[in-house]
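# Results of the structural survey
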Amino acid sequence: MSEKTITFTIDGVEVKGAPGQTILDAADAAGIYIPRLCHFKGLNPHGSCRVCTVIVNGRPQAACTQPIAEGTTVENDTEDIKKHRSNIVDMMFVEGNHFCMFCEKSGNCELQALAYRLGICAPKYPFQFPDCTLDASHPDIFIDRNRCILCGRCVQASKDLDGKCVFEFVGRGAEKKIAVNAEAKLSDTNVDVTDRAVNICPVGAILKKREGFKIPIGERMYDAQPIGSDIESDTKSIK
Amino acid sequence: MSVEFKQTIKEICEACGNDRSLMMDVVIATQKRFGCVSNEAMDLIAENMNAHRVEVEGVVSFYSFLSPDPKGQVVIRLCNDVVDQMQGVQAVAEAFKKELGIDFGQTTPDGKITLEWTPCIGMCDQAPAALINDMVFTYLSTDKVREITDELKKHGDPEQIPIRYGDGNNAHDLVKSMVNNGLRKKGAVIFGQHEAEKGVKNALSMSAVEVIREVKNARLRGRGGAGFPTGMKWEFTRAADGDKKYILCNADEGEPGTFKDRVILTERADLLFEGMTIGGYAVGSDEGILYLRAEYAYLRAFLENVLKERRDRGLLGKNACGKDGFDFDIRIQMGAGAYICGEETALISSCEGLRGDPKNRPPFPAQKGYKECPTSVNNVETFCAVARILDKGAAWFSEVGSQGSPSTKLLSVSGDCTNPGVYEFPFGMRVDDLLKKVGAQDVQAVLIGGPSGQLIGSADFERTICYDDLATGGSVIVFNSKRNILEIVGQYMDFFVEESCGYCTPCRVGNVLLRNGIEKIIHGQGEKADLDYLQELGETVKLASRCGLGQTSPNPVLTSLKNFRAVYEAVLIEPTDGQQPSFDIKAALSVSEDLTGRKSEIYKD
């Protein structure tokens, strides 16, 4: 609509975007990958995972919520930011119980893929081994809270895309978790296997039953190419 | 589910007009009436308020004064703040446990009394202190605990426990509290003599733009700690698109060691509301909200009465203060136990009846705040300062103080000093001068700005308290040479772990890791690499967290690492046998030893 273009730089590369666009969206359009986890196109930016943190004119900001501004300098792929990013991803691994080797999501998991892209082979922080619950009450869907990273995609998708309110956060701080709109069980809610909320989880916390390993390991989304490859226009080497 | 129960919940919801945005009032009233917000209650509230059950659960589970499980008719919340620990709260805690026969987190078998810990309740100058339902009990001792529990066992009513009322309005009929103001030094601005309502009268004779200009000329910066220029905040709010605008007062004073707003609310409530009225006029708002922390619920009836009297006198309501077309009123929103709600966007969420999560910025509250309308959130002390600026003028206001930080600041001083309490001093005071005035000797460390601020040692005592050097929302805590810095840091990290909202990863997880890292060192299992580990971890939390809580919560660790490194180094050990010092092979084997029923052959005692 607007004729106006905003010009700024990401790691010295000039990027153009439209007013109101976020740094992340403008970067995507320009073929520059800013790592992210909670963000999902079509949902309001949640701004919770903090993986997309960039430095804008010297100040840290979440690229998914920060609008672009004329003449600003954005740092994205620097050693310092990569260090903090991998620390954050590391935190997600140790706050849950993520056993990639048994997880149906392995190979399609954004958390796992991002860890590989950031060069994390094993977490450096001590595992917290929390006690988490599993809800397999529903005939078609199950929730495994061991793997939840509290990205909020299911909460928002259920509200904004499905017009329901199947999921919501309860508790606070380290006790925060995903709950369902019933006293106890997912099967007591109006969730449906075709809900967007059920098909949007970046990790293996919400999965569909009877689909385990339909796609063999080795042929999954991130088996061939690292996460973010679709965004990057050129074939610059990925470490 | 009884018919009466259904009816009572229905009435509670109706009393709030079944308005979803008043969810806080509904769940607080339900908690008060039934001692919990049970599963049945959540279902009914959702039904009445046209909300989803899990949304109600989300709210109830967020605030520590709300609970899905039944609590006693009397809830004793003993403050476990660092200063209370220093003043012997552990002995008081043991006495409560012994007299009641229960542990913390438990309720007596007859269902009458619940015993809990709670973080800073704003009584550090009269610690150890506790809340018993809404009432505050200060200067607790084991003897006093016995008296209190004997009384409670007799009649179960905290209000019948004989107490000696505190000074000033603490003895007011609507307060009747044993809290003392502890006002040690009155300055010219907040606690100086002043002509009532002169500020607001002057303001209303000016245009809103002129009022804002006067506040800008006074160079007033927010007194809550962040120090954002108040005039600029109001200008943005005034300029933002929207017919409806709001002025919010942050009385969620939760930073450990801060209790100056408590004294303003008790002794200068009219000045505060005068300032809010000026704010309403300046930004073009007809509604103000005072967000009052649950710990200060004992002041609510008193404050409601002050508001009522102001309405009766025509200072609030239609054509407020006699200004044609200026309709302005103020309501009180109670909190329910969440430090994060002192963060302005979390405070807005809570006022909207939601979980106290901070919001994404932009948009800033000045553009889209409460109910998506332009909103200015200001501190209690800031509003009082505004009223004084409009009373005596910007030049008078900035006569004292330093260049970047004009005028006075209320400091709430506690810890190891002979005269803890509230002091109104000009900005720019040196720390060592302050220490002399409060009677602090043998000082090892001073925490300026609470745990979100900086822990400094004697090398920094020549520095000054102001926005450009050592900033504080008011909290100053003194530690003498006998205090254990590492334990203090650990306790403050416990506080942040408890109070993080959990929205963003670095704050939710990082604070737990920081706390565990400090504990490891306290337990004598730390090695040199652990200091680098804590440093980098703290920097990540600070850099990447979404709001001010996480951006400052690593400060106890980071500032003590900087200023008290020797304290850490003194307890570090060198790994000798190639094992990590934190790894205890015998403890690790104990589970399998228990399972197999035999001891390890290699790792014997």
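Procedures and definitions
Residues numbered from 1 in each chain as written. Chains lettered and ligands numbered in written order. Predicted model: local features only at pLDDT ≥ 70, side-chain atom pairs only at ≥ 80, totals over all residues. Heavy atoms only, no water. Helix = DSSP H or I, 4+ residues; strand = E, 2+ residues; numbered from the N terminus. Buried < 20%, exposed > 50% of the residue type's maximum accessible area, 1.4 Å probe, protein only. Contact = heavy atoms within 4.5 Å. Pairing = 2+ DSSP bridges. Salt bridge = Lys/Arg side-chain N within 4 Å of Asp/Glu carboxyl O. Axes fitted to C-alpha atoms, helices over the stretch in contact; angles between N-to-C directions. Parallel < 35°, antiparallel > 145°, perpendicular 65-115°, else oblique. Nonpolar A, V, L, I, M, F, W, Y, C, P; charged D, E, K, R; others polar. Polar contact = N/O pair within 3.5 Å; in protein donor to acceptor, adjacent residues only side chain to side chain. Buried area = accessible area lost by both parts, 1.4 Å probe. Domains from an automatic or database assignment. Phe/Tyr/Trp six-rings, centres within 6.5 Å; stacked < 30°, edge-to-face > 60°. Lys NZ or Arg CZ within 6 Å of the ring centre and 35° of its normal. Left-handed = near helix turned anticlockwise from the far one by under 90°. Disulfide = S-S within 2.5 Å. pLDDT = per-residue confidence, 0-100. Patch = residues over 30% accessible without salt bridge, like charges linked within 9 Å, V, L, I, M, F, W, Y side chains within 5 Å. Areas by Shrake-Rupley, 256 points an atom, 1.4 Å probe, with all protein chains shown as cover.

Before going further, it helps to examine the side chain of Thr-237 of chain B. All names here are of chain B. The residue Thr-237 is located in helix α10 (residues 230-239) in this model. Here Thr-237 falls in the buried class, since its relative accessible area comes to 0%. Excluding anything up to four places from it in sequence, Thr-237 contacts Lys-245, Val-283, Ala-366, Pro-374, Thr-375 and Ser-376.

Turning our attention to the pairing of strand β2 (residues 13-17) of chain A. Residues and elements named next belong to chain A. Two elements, strand β1 (residues 6-10) and β2, share 5 bridges in a ladder whose sense is antiparallel. Note on β2: the bridge partner recorded for Ile-10 is Val-13. Here β1 hands over to β2 after 2 residues, with Asp-11 in that stretch at a positive phi of 50°.

The next point concerns the pattern of salt bridges. In total, this model carries 64 salt bridges over all chains according to the counting rule given. As a salt-bridge pair, Arg-117 of chain A and Glu-232 of chain A come within 2.9 Å of each other at their nearest N and O atoms. Within this pair, whereas Arg-117 of chain A is found in helix α3 (residues 110-117), its partner Glu-232 of chain A is found in the segment after α5 (221-224), the two being separated by 115 residues in sequence. Both residues of the pair, Arg-117 of chain A and Glu-232 of chain A, belong to the buried class. The partner of Asp-357 of chain B in a salt bridge is Arg-355 of chain B, and the shortest N-O contact between them spans 3.6 Å.

Our focus in this paragraph is the sheet that holds strand β10 (residues 375-379) of chain B. All names here are of chain B. Strands sit in the order β9-β8-β7-β10 across an open sheet of 4 strands; the sheet is parallel. Edge positions in the sheet fall to β9 (329-334) and β10, since each of these pairs with one other strand and no more. Averaged over all pairs of adjacent strands, the angle between their axes in this sheet comes to 25°, without regard to strand direction. Examined bridge by bridge, strand β7 (residues 246-251) and β10 share 5 bridges and lie parallel to one another. Within β10, the residue paired with Ile-247 across the bridge is Ser-376.

The subject of this paragraph is the packing of helix α2 (residues 23-34) of chain B against helix α4 (residues 53-60) of chain B. Helix-helix packing is characterised by the crossing angle of the two axes and by the distance between the axes. All names here are of chain B. For the pair α2 and α4, interaxial distance at closest approach is 11 Å and the crossing angle is 75°. With respect to α4, the element α2 is oriented roughly perpendicular. Here Met-23, Met-24 and Val-27 of α2 come into contact with α4, specifically with Val-56, Val-59 and Val-60. In terms of residue class, the contact of α2 with α4 is built from 6 nonpolar, no polar and no charged.

What follows deals with the environment of Ser-106 of chain A. All names here are of chain A. Along the chain, Ser-106 turns up in the loop between α2 (79-95) and α3. The buried category is assigned to Ser-106, whose relative accessible area is 14%. Setting aside residues no more than four positions away along its own chain, Ser-106 makes contact with Cys-100, Gln-112, Ile-217 and Arg-220. Polar contacts involving the side chain of Ser-106 include one to the side chain of Gln-112, which spans 2.9 Å.

Tallying the contact residues gives 41 residues for chain A and 42 residues for chain B. Carbon and sulfur atoms make up 56% of the area that chain A and chain B hide from each other, which totals about 3,400 Å². Applying the counting rule to chain A against chain B returns 4 salt bridges. Linking Glu-536 of chain B and Lys-124 of chain A is a salt bridge whose minimum nitrogen-to-oxygen distance equals 3.0 Å. For the side of chain A that touches chain B, the elements supplying multiple residues, two or more each, are β3 (53-56), α2, β8 (167-170) and β9 (177-180) of chain A. Counting residues per element, the side of chain A that touches chain B draws most heavily on α2 of chain A, at 8 residues. Looking at the side of chain A that touches chain B residue by residue, the class counts come to 20 nonpolar, 12 polar and 9 charged.

Residue and element names in this part refer to chain A. Spatial strand order, β2-β1-β5-β3-β4: 5 strands in an open sheet with mixed pairing. The outermost strands of the open sheet, each flanked by one partner alone, are β2 and β4 (59-62). Averaged over all adjacent pairs, the angle separating strand axes in this sheet is 35°, with direction ignored. In this structure, β3 lies alongside strand β5 (residues 73-75), joined through 2 bridges in antiparallel fashion. Bridge pairing links Ile-55 to Glu-75 in β5. Against the sheet, α2 touches β3 and β5, its axis set at about 150° to β3.

With that out of the way, let us pick up the domain arrangement of chain B. All names here are of chain B. Segmenting chain B into domains produces domain 1 (3-60), domain 2 (78-104 + 114-163), domain 3 (185-397), domain 4 (408-480) and domain 5 (485-571). Distance between the C-alpha centres of domain 2 and domain 5: 29 Å. At the boundary of domain 2 with domain 5, total buried surface from both sides reaches about 400 Å², with 71% on carbon and sulfur atoms. Applying the counting criterion to the domain 2 and domain 5 interface returns 0 salt bridges. Where domain 2 packs against domain 5, one counts 0 residue pairs in polar contact (both at pLDDT 80 or more). For the side of domain 2 that touches domain 5, a count of residues per class yields 2 nonpolar, 1 polar and 1 charged.

Tallying each qualifying case throughout the model produces 16 aromatic pairs over all chains. Ring geometry for Phe-127 of chain A versus Phe-129 of chain A: centroids 5.4 Å apart, planes at 25°, classification stacked. Residue class for Phe-127 of chain A comes out partly exposed when judged on its relative accessible area of 43%. We classify Phe-129 of chain A as exposed; its relative accessible area is 55%. Ring pairs connect the aromatic residues Tyr-281, Phe-326 and Phe-328 of chain B, which therefore count as one cluster. In this structure, Arg-33 of chain B packs its charged tip against the face of Phe-34 of chain B, placed 4.7 Å from the ring centre. Between the NZ or CZ atom of Arg-293 of chain B and the centre of the ring of Tyr-296 of chain B, over which it lies, the distance is 5.2 Å.

Residue and element names in this part refer to chain B. Viewed as axis vectors pointing N to C, helix α3 (residues 39-49) and α4 meet at an angle of 120°, and their least axial separation amounts to 8 Å. Classed by the angle they form, the pair α3 and α4 counts as oblique. Remark: the crossing between α3 and α4 carries right-handed chirality. Two secondary-structure elements touch here, α3 through Asn-39, Met-42, Asp-43, Ile-45 and Ala-46 and α4 through Arg-53, Val-56 and Glu-57.

The next point concerns the state of the cysteines. Residues and elements named next belong to chain B. Counted by the stated rule, this structure contains 0 disulfides over all chains. Not part of a disulfide, Cys-79 finds its nearest cysteine sulfur in Cys-120, a span of 5.3 Å. Unpaired in this structure, Cys-373 has its nearest cysteine sulfur neighbour in Cys-351, at a distance of 13 Å.

In this model, chain A carries an average pLDDT of 94, and 96% of its residues clear a pLDDT of 70 or more. Here residues 235-239 of chain A is a poorly scored stretch, pLDDT under 50, and it has 6 contacts once near neighbours within four places are set aside; other chains count.

Residues and elements named next belong to chain A. The grouping of Phe-99, Met-101 and Phe-102 at the surface amounts to a nonpolar patch, some 380 Å² of accessible area in total. Looking at the secondary structure, you find Phe-99 in the loop between α2 and α3. A residue is classified by how much of its surface remains accessible, and Phe-99, at 42% relative accessible area, is partly exposed.

With that settled, the discussion passes to helix α4 (residues 153-161) of chain A. Residue and element names in this part refer to chain A. Within α4, the full set of buried residues consists of Arg-153, Cys-154, Val-155, Gln-156, Ala-157 and Ser-158. On its buried side, α4 packs onto α3, β8, β9 and β10 (206-208). Once α4 finishes, Gly-163 follows within two positions and takes phi at roughly 65°, a positive value.

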